[in-house]
Amino acid sequence: MYEGPVQDLIDELGRLPGVGPKSAQRIAFHLLAADPADIGKLQDALQKVKDGVVFCDVCGNVSAETTCRICRDPRRDPSVVCVVEEPKDVLAVERTREFKGRYHVLGGALDPLSGVGPDQLRIRQLLTRMSTRTDGQDITEIIIATDPNTEGEATATYLVRMLRDFPGLAVTRLASGLPMGGDLEFADELTLGRALSGRRSM
Amino acid sequence: MYVRHLQVSDFRSWEHADLVLEPGVTVLVGQNGQGKTNLVEAIGYVATLGSHRVATDAPLVRQGCPRAVVRTAVVNEGRELLVELEITPGRANRARINRGPVPRPRDVLGVLRTVLFAPEDLALVRGDPGERRRFLDEVLTSRAPRYAGVRSDYERVLKQRGALLKSAGAARRGGRPADLSTLDVWDGHLAAHGAELLAGRLDLVADLAPHIAAAYAEVAPESRPARVLYRSTLGGSQPEGVGVPGGPRADREVLEDALLAELNRVRPQELERGVSLVGPHRDDLDLALGELPAKGYASHGESWSFALALRLGAYELLRADGTEPVLVLDDVFAELDRRRRAQLAKVASGAEQVLITAAVAEDVPEELSGARFEVHGGEVRRV
């Protein structure tokens, strides 16, 4: 245990995800030795993240304005919407540079253990979004890209149920299966089993 | 297969232990409390990622140490694999195969297969249904490691669904409308994973039953015939003949539909009690001698014989599948009478590798002579 402010800082840092007690200690002492100007910059950034960041009215992604960059972009196809759990998942899909549609961020997945039900997620907003036209276009395809774990799969199933009454809407789920560049022999049975059941004809 | 080398650090009472083993019989002899069982427990842990004595990992780590390490070199059909496990209570364990890390510890399942018989196994006959479910799942995972994943998925869904039932029940009692829109979703997932686990267990029992009956007849020829029967929460809607030797194989989709229908039927009770009442987590393996259930009716000797028959049946089944598991007999000879000792010795002497622990060397039948280690005062020495 250190005294006073240093220990407070270590405790606060240690509560961040992915930061253990040792890392927290390292960061704390790094900050202690850092240039006051750098600390000021960090302080500003922290302050701004709470005050300056808003969530996009349309998709729920983190944004600097009321509508995010992707929802404002006329080159992005408004008829295809990719539904993800977190803003960081938007970034992951964006990195592929394959997807030219738009997003909808749920803000999590169904997780009764943590008290998260459909009302805590942005599902109602998705349904409202379905019934309004964007740039004169209807949404014709929803791609469900929730995590391939228990909670993500349950969320996907729930969304499919909610969306099946929209006429002419295609609802798809991201394929799950073998990683590229991997070896078939090292794939675990669950992944390989899923890849088998989701196989496509060539 | 056999274990060629076992090394443990900070595991149970052992700061460090190093044993070079051979195929055939190995007997670990030592006074009580010297740590014989801890050594075979380590081998069992590598095979099942669980201990036969405790449900959590914390007791496995030597007092005051952050983690325990178990290293085993396993030889299977002439090829050697090195499996290393680092056990850190409260954190995810880490595993390596041939010095290469694997993404999840459960990827080491299947490298080493063991059948372990210990005094605790009396609970298989006399204990709660949970003991018998654990036995079935252990054998299931030994046969097809995939089921470790199926089981953990099922348990995750079960937990989530339980949380939902509890909050929905509380809302109802408070006069608020319960949000049941997502319960259907969890029902669907529970039925899907549950059906897979159930199908696996039913087929396993169908395959296992004849081996258990034969083993019991050998161990206790004077007793009534032993029967095992899987009893699921499906009751009357369980498909006819499934889970019985010679019957049809279990159909996952049929079971899934049956589970869903049953879930629908009991939903009011589930909401009232806030627990999941249908699914393989509430099933049992019925053990019977003649017409009577073993639990409550079998004598002490018969209960022991039945527990032994369950383990030997599993051993014979794994053997029939084509892999020779390592047989571990932990402190059991002292508990058995002369004729059961002789029967067990007969089976054990045919095994590729048998590891035996005993407090007194004289308890071990003469047919089972082989390498002998003395365990005393934190040291293990070959004699």
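All values reported here derive from a predicted model rather than from experimental measurement.

**Student:** Would you mind showing me how to read the interface of chain A and chain B here?
**Tutor:** The extent of an interface is frequently quoted as the accessible surface area lost upon association of the parts. Every contact between the two is made by 15 residues of chain A and, on the other side, 18 residues of chain B. Taken over both partners, the interface formed by chain A and chain B buries close to 1500 Å², and the fraction arising from carbon and sulfur atoms is 64%. Interface area lost by chain A to chain B is led by Pro112, Leu113 and Thr150 of chain A, which between them contribute 36%. Measuring nitrogen to oxygen at the nearest pair gives 2.7 Å for the salt bridge that ties Glu151 of chain A to Arg156 of chain B.

**Student:** Would you mind going over the pattern of salt bridges with me for this structure?
**Tutor:** Two side chains carrying opposite charge are able to pair once their charged atoms lie near each other. Residue and element names in this part refer to chain B. All told, the structure shown has 42 salt bridges over all chains when counted by the stated rule. Asp121 is the partner of Arg311 in a salt bridge, and the nearest nitrogen-oxygen pair spans 2.9 Å. Placement of Arg311 in helix H8 (residues 300-321) and of Asp121 in the loop between strand E8 (114-117) and helix H2 (122-126) is noted, with a sequence separation of 190 residues between them. Comparing Arg311 with Asp121, the two get one shared label, buried. With its nearest N and O atoms 3.1 Å apart, the salt bridge here joins Asp207 to Arg143. Within this pair, whereas Asp207 is found in helix H5 (residues 183-219), its partner Arg143 is found in helix H3 (residues 129-143), the two being separated by 64 residues in sequence.

**Student:** Sorry, what's going on with the sheet that holds strand E5 (residues 79-87) of chain B here?
**Tutor:** Whether parallel or antiparallel, the strands of a sheet pair through hydrogen bonds between backbone atoms. Residue and element names in this part refer to chain B. Pairing within the open sheet is antiparallel, and its 6 strands lie in the order E2-E1-E4-E5-E6-E7. Of all the strands in the sheet, the pair left with one neighbour each is strand E2 (14-20) and strand E7 (100-101). Relative to strand E6 (residues 94-97), E5 runs antiparallel, the two being bridged by 4 bridges. Each residue of the ladder has a partner; that of Val83, found in E6, is Ile97. Along the sheet face, helix H1 (residues 36-48) touches strand E1 (2-11), E2, strand E4 (68-76) and E5 and points at about 110 degrees away from the line of E1.

**Student:** Is there a simple way to explain the nonpolar core in this structure?
**Tutor:** Among soluble globular proteins, nonpolar side chains are generally buried collectively. The biggest cluster of nonpolar side chains holds 101 residues, and the ones touching the most others in it are Ile142 of chain A together with Val228, Phe306, Leu329 and Ile356 of chain B. For this core, the element with the highest residue contribution is H5 of chain B, accounting for 18 residues. Among all residues touching Ile142 of chain A, those that are not within four sequence positions of it are Val81, Val83, Leu126, Met130, Leu163, Leu169, Ala170, Val171 and Thr172 of chain A.

**Student:** How should the sheet that holds strand E11 (residues 292-293) of chain B be read in this particular structure?
**Tutor:** All names here are of chain B. Sheet architecture is open: 3 strands sit in the order E9-E10-E11, paired in antiparallel fashion. Because the sheet does not close on itself, it has two edges, and the strands there are strand E9 (226-231) and E11. As paired strands, E9 and strand E10 (residues 284-289) are joined by 6 bridges and run antiparallel to one another. Its bridge partner lying in E10, Leu229 is registered against Asp286. Across the sheet, H3 is in contact with E9 and E10; its angle to E10 comes to roughly 100 degrees. Docked against the sheet, H8 engages E9 and E10, running at close to 130 degrees with respect to E10.

**Student:** What is the right way to look at the domain arrangement of chain A in this model?
**Tutor:** The domain architecture assigned to chain A consists of domain 1 (4-52) and domain 2 (76-173). Centre-to-centre, using C-alpha coordinates, domain 1 of chain A lies 34 Å away from domain 2 of chain A.

**Student:** I tried to follow the pairing of strand E6 (residues 170-173) of chain A on my own but got confused; where do I start?
**Tutor:** On a regular strand, one side chain projects to one face of the sheet and the next to the other, so that they alternate. All names here are of chain A. The pairing of strand E5 (residues 141-144) with E6 spans 4 bridges and is parallel. The residue bridging Ile144 from the neighbouring strand is Arg173, located in E6. Crossover handedness for the path E5 to helix H7 (residues 150-163) to E6: right-handed.

**Student:** It is not clear to me how the domain arrangement of chain B should be interpreted in this structure. Could you clarify?
**Tutor:** Residues and elements named next belong to chain B. By domain assignment, chain B separates into domain 1 (1-113 + 323-383) and domain 2 (122-321). Each of domain 1 and domain 2 has a C-alpha centre, and the two are 28 Å apart. With 21 residues of domain 1 at the contact, the number on the domain 2 side is 24 residues. Together, the buried faces of domain 1 and domain 2 total about 1900 Å²; carbon and sulfur atoms form 60% of this surface. For Arg319, the salt bridge is made with Glu324, and the minimal N-O distance between the two is 3.7 Å. Joining domain 1 to domain 2, the criterion identifies 6 residue pairs in polar contact (both at pLDDT 80 or more). Top element by residues in the side of domain 1 that touches domain 2 is helix H9 (residues 338-349). It accounts for 6 residues. In terms of residue class, the side of domain 1 that touches domain 2 is built from 7 nonpolar, 6 polar and 8 charged.

**Student:** In this structure, what is going on with the pairing of E4 of chain B? I would like to understand it.
**Tutor:** Residues and elements named next belong to chain B. Within E4, 7 of the 9 residues are buried, which leaves it mostly tucked inside the rest of the structure. Direction of pairing for E1 relative to E4: antiparallel, over a ladder of 7 bridges. Residue pairing for E4: His5 is matched across the bridge by Ala73. By the bridge criterion, 9 bridges tie E4 to E5 in an arrangement that is antiparallel. The residue bridging Val74 from the neighbouring strand is Leu81, located in E5. In sequence, E4 turns back onto E5 through a hairpin of 2 residues, with Glu77 there showing a positive phi of about 45 degrees.

**Student:** What should I look at first to understand the packing of aromatic side chains in this one?
**Tutor:** Two descriptors summarise a pair of aromatic rings, namely the distance from one centre to the other and the angle between the planes of the rings. Within this structure, the stated rule accounts for 4 aromatic pairs over all chains. Plain terms: the ring middles of Tyr2 of chain A and Phe29 of chain A are 5.2 Å apart, the flat faces sit at 70 degrees to each other, and that makes the pair edge-to-face. With Tyr2 of chain A in the segment before helix H1 (4-14) and Phe29 of chain A in helix H2 (residues 21-33), this residue pair connects regions lying 27 residues apart in the sequence. Cation over ring: Arg146 of chain B sits above Tyr147 of chain B, and NZ or CZ is 4.7 Å from the ring centre.

**Student:** Would you mind showing me how to read a nonpolar patch on the surface here?
**Tutor:** Residues and elements named next belong to chain A. Together, Val49, Val53, Phe55 and Val62 make up an exposed nonpolar region whose accessible area comes to about 340 Å². By the element assignment, Val62 lies in strand E2 (residues 62-63). Assessed through its relative accessible area of 41%, Val62 is described here as partly exposed.

**Student:** Help me understand the confidence of the model for chain B, please; the structure alone is not making it clear to me.
**Tutor:** The predicted coordinates should not be examined in detail at positions where pLDDT is low. Confidence in the prediction of chain B, expressed as mean pLDDT, is 90, and 99% of residues score 70 or more. The complex model carries a pTM of 0.83, and its ipTM stands at 0.75.

About the cut-offs
Residue positions are given per chain, counted from 1 along the sequence in the order it is written. Written order decides the labels, with chains lettered from A and ligands numbered from 1. Local features are withheld for residues below a pLDDT of 70 in this predicted model, meaning they are given only at 70 or higher, and side-chain atom pairs are given and counted only at 80 or more; totals for whole chains, interfaces and linings count all residues. As a rule here, side-chain values come from all non-hydrogen atoms in the structure, and water together with hydrogens is ignored. Residue contacts are defined here by distance: any two heavy atoms, one from each residue, within 4.5 Å place the two residues in contact. Values labelled buried area give the accessible surface lost by two parts on being combined, using a 1.4 Å probe and summing over both. Salt bridges are defined by distance alone: a side-chain nitrogen of Lys or Arg within 4 Å of a carboxyl oxygen of Asp or Glu. For helices the rule is a DSSP run of H or I covering at least 4 residues; for strands it is a run of E covering at least 2, with both sets numbered from the N terminus onward. Note on classification: 1.4 Å probe, protein chains only; a residue is buried when its accessible area is under 20% of the maximum for its type, exposed when over 50%, partly exposed between these limits. Pairing between strands is defined by DSSP: at least two bridges between the two strands are required. A fitted line through C-alpha atoms represents every axis, and for helices the fit uses only the stretch in contact; the resulting angles, taken between N-to-C directions, go from 0 to 180 degrees. The criterion is simple. A nonpolar core is a set of buried Ala, Val, Leu, Ile, Met, Phe, Trp, Tyr and Cys residues joined through side-chain atoms within 4.5 Å. Domain limits in this description derive from either an automatic procedure or a database domain assignment. When the strands point away from the viewer and the path from the first strand over the helix to the second turns clockwise, the crossover is right-handed. In the analysis that follows, any N or O atom pair within 3.5 Å is treated as a polar contact, provided that within protein one partner can donate a hydrogen and the other can accept it, and provided that, for residues neighboring in sequence, both atoms belong to side chains. Amino acids are sorted into nonpolar (Ala, Val, Leu, Ile, Met, Phe, Trp, Tyr, Cys and Pro), charged (Asp, Glu, Lys and Arg) and polar (every other residue, Gly among them). Stacked, tilted and edge-to-face are the three classes applied to pairs of Phe, Tyr and Trp rings, where Trp contributes its six-membered ring and a pair requires centres within 6.5 Å; stacked means planes under 30 degrees apart, edge-to-face means over 60, and tilted covers the rest. Only when the NZ atom of a Lys or the CZ atom of an Arg is both within 6 Å of the ring centre and within 35 degrees of the ring normal do we say a charge sits over the ring. Note on patches: the residues involved have over 30% relative accessible area and no salt bridge, like charges join within 9 Å, and the nonpolar side chains Val, Leu, Ile, Met, Phe, Trp and Tyr join within 5 Å. Reported accessibility uses the Shrake-Rupley method at a 1.4 Å probe radius. Residues are deemed covered only where the shown protein chains occlude them. Per-residue confidence from the predictor is reported as pLDDT, a score between 0 and 100.

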